[in-house]
Amino acid sequence: MYTHIVGTGSAVPARVVTNDDLSKIVDTSDEWIVSHTGIRQRHIVSAEENASTLGCTAAKRALEDAGIAPEEIGTIIVTSTTPDYAVYPSTACVIQGMLGAVNAAAFDVSAACPGFVYGLTIAKGLMQIDDRPVLVISTEIMSRTINWSDRNTCCLFGDGAGAVVLKNSDVPGGLGFHLIGADGTGALAIHREGGVRTEETARNAPGDLKMDGRAVFNFAVRSFCDIISKTFENYGWTEKDITWIVPHQANTRIIDAAVKRINVPVEKFYVNIDRFANTSSASIPIALDEMVKKGLIKTGDRMIFAAFGAGLVYGGVAVEWTK
Ligand code: COA
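This is a predicted model, so every value here is computed, not measured.

Student: What is the right way to look at the packing of aromatic side chains in this model?
Tutor: Centre-to-centre distance and the angle between the planes together describe a pair of aromatic rings. With the rule as written, the count across this model stands at seven aromatic pairs. Arranged with centres 6.0 Å apart and planes meeting at 50°, the rings of Phe 116 and Phe 305 form a pair that is tilted. One end of the pair, Phe 116, is in helix α5 (residues 115-126); the other, Phe 305, is in strand β12 (residues 302-309), and 189 residues separate them in sequence. Since its relative accessible area comes to 1%, Phe 116 is described here as buried. Take Phe 305: its relative accessible area is 0%, and that puts it in the buried class. Looking at Arg 214, its charged tip hangs above the ring of Phe 217, at a distance of 5.1 Å from the centre.

Here it is in structure tokens:
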């Protein structure tokens, strides 16, 4: 039994905020942001939008692409660092109701930016015991978690959602090698309060995202290289076998640093961070959907999704495209 991606979809808010727009509210410039991150603009939600509305739109598009009705879905997995509700109900349950996916179990996964990769991995395991299609939705409203007066973080993030439909079949290919891991000693390198860890955090608003940019940068480069080299080592692929690496879109300098350490040409990395910034766990499925829509992926193409983020966590999935 093999697990395949049979549909993709994405959704981003209509409103675009450019680097020049940002330079009117914090001491920054288009030149600094582009040279340090590769980002030129980001999409930002309106007051009416949130993780479930964007995620639902992306999911509907993925279902339509797959030709699968909501009632056929066995499980909905949502990955988000910006759920509609702090703990419950899960955003997956909210979206299940919106979609009318009446037969689906629904739950959220907390794995920050690698959430999509974690979601695919959990889905594939689950589909060994429940053969029905699974919807993995990654949806993020980063703009509501950042301090818009902090130039160190406000230029880095954007909002958006991506989704895939997974289906089992006897056709070889699809989701192949999976690698997920964590280094909890770096738990505070990117964090946001708001949990019930103490009386104070339980009673106060979560506050803004806090990040040690340098520590995250180093972890990101290290994990990127590990994911690629371990996939090659354990799955038998070489650089020549793969058409694409679809990285978590956090910073082009992280990709450049990784490229210097591994034997994969930079042209094989699909990058769209210039237009969407870092949309956390949504970044890989948004990129994937864009690649599909542009006709950049053909049957038989081999690719690796690679992501890192708060936790600290990392994850990679090797995929042979069969759609
Ligand atoms: N505009 C202008 N200057 C800025 C700026 C901005 N938007 N953001 C930071 N700076 C300034 C800093 O204040 C600092 O000034 P100082 O020397 O006067 O104190 C200077 O630029 C250098 O800051 P530094 O933090 O050393 O920059 P950097 O080269 O490490 O780049 C990041 C900062 C955040 C871009 C980089 O560390 C990074 O990408 N880290 C990973 C972040 C990430 O991907 N997080 C998400 C992971 S999922």
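And the narrative resumes.
Student: Is there a simple way to think about the sheet that holds strand β8 (residues 174-182) in this case?
Tutor: The pairing of strands in a sheet happens through backbone hydrogen bonds and is either parallel or antiparallel. Reading across the sheet, the four strands line up as β8-β13-β12-β11 and stay open at both edges, with mixed pairing between neighbours. The open sheet has two edge strands with one neighbour each: β8 and β11 (244-247). Between one strand axis and the next, the sheet turns through 15° on average, direction left out of account. Across eight bridges, β12 lies against strand β13 (residues 313-320) in antiparallel orientation. What sits directly across from Met 303, in β13, is Val 319. Sheet strands in contact with α5 are β8, β12 and β13, and its direction is about 120° off that of β8. In this fold helix α8 (residues 213-235) packs onto β8, β11, β12 and β13, with an angle of close to 145° to the strand it touches most, β12.

Student: Would you mind going over the site of the ligand with me for this structure?
Tutor: Close to the ligand lie 23 residues, the nearest being Thr 28, Arg 151, Arg 214, Asn 251 and Arg 253. Residue Thr 28 places a side-chain N or O atom 2.6 Å away from a nitrogen atom belonging to the ligand. Within the side chain of Trp 32, a nitrogen or oxygen atom sits 3.5 Å from a nitrogen atom of the ligand. Contact with the protein chains covers 72% of the free accessible surface of the ligand, which is 960 Å². Looking at the shell around the ligand, the elements with two or more residues in it are α2 (30-37), α6 (151-154), α8, α9 (252-261) and β12. Per element, the largest residue contribution to the shell around the ligand is four residues, and it comes from α8. Here the shell around the ligand is built from residues that sort into ten nonpolar, nine polar and four charged.

Student: I'm lost on the pairing of strand β4 (residues 75-79) in this one. Help?
Tutor: Along a regular strand, successive side chains alternate from one face of the sheet to the other. Within β4, five of the five residues are buried, which leaves the element mostly enclosed by the surrounding structure. With burial as the criterion, each face of β4 is covered, one bearing Thr 75, Ile 77 and Thr 79 and the other bearing Ile 76 and Val 78. Pairing of β4 with strand β5 (residues 105-109) involves five bridges; the strand directions are parallel. Each bridged residue has a counterpart across the sheet, and for Thr 75 the counterpart in β5 is Ala 105. The parallel pair β4 and β5 is bridged by helix α4 (residues 91-99), and the resulting crossover is right-handed. As paired strands, β4 and strand β6 (residues 134-141) are joined by five bridges and run parallel to one another.

The rules behind these values
Residues numbered from 1 in each chain as written. Predicted model: local features only at pLDDT ≥ 70, side-chain atom pairs only at ≥ 80, totals over all residues. Heavy atoms only, no water. Phe/Tyr/Trp six-rings, centres within 6.5 Å; stacked < 30°, edge-to-face > 60°. Helix = DSSP H or I, 4+ residues; strand = E, 2+ residues; numbered from the N terminus. Buried < 20%, exposed > 50% of the residue type's maximum accessible area, 1.4 Å probe, protein only. Lys NZ or Arg CZ within 6 Å of the ring centre and 35° of its normal. Pairing = 2+ DSSP bridges. Axes fitted to C-alpha atoms, helices over the stretch in contact; angles between N-to-C directions. Contact = heavy atoms within 4.5 Å. Near = heavy atom within 4 Å. Polar contact = N/O pair within 3.5 Å; in protein donor to acceptor, adjacent residues only side chain to side chain. Areas by Shrake-Rupley, 256 points an atom, 1.4 Å probe, with all protein chains shown as cover. Nonpolar A, V, L, I, M, F, W, Y, C, P; charged D, E, K, R; others polar. Right-handed = clockwise from strand over helix to strand, strands pointing away.

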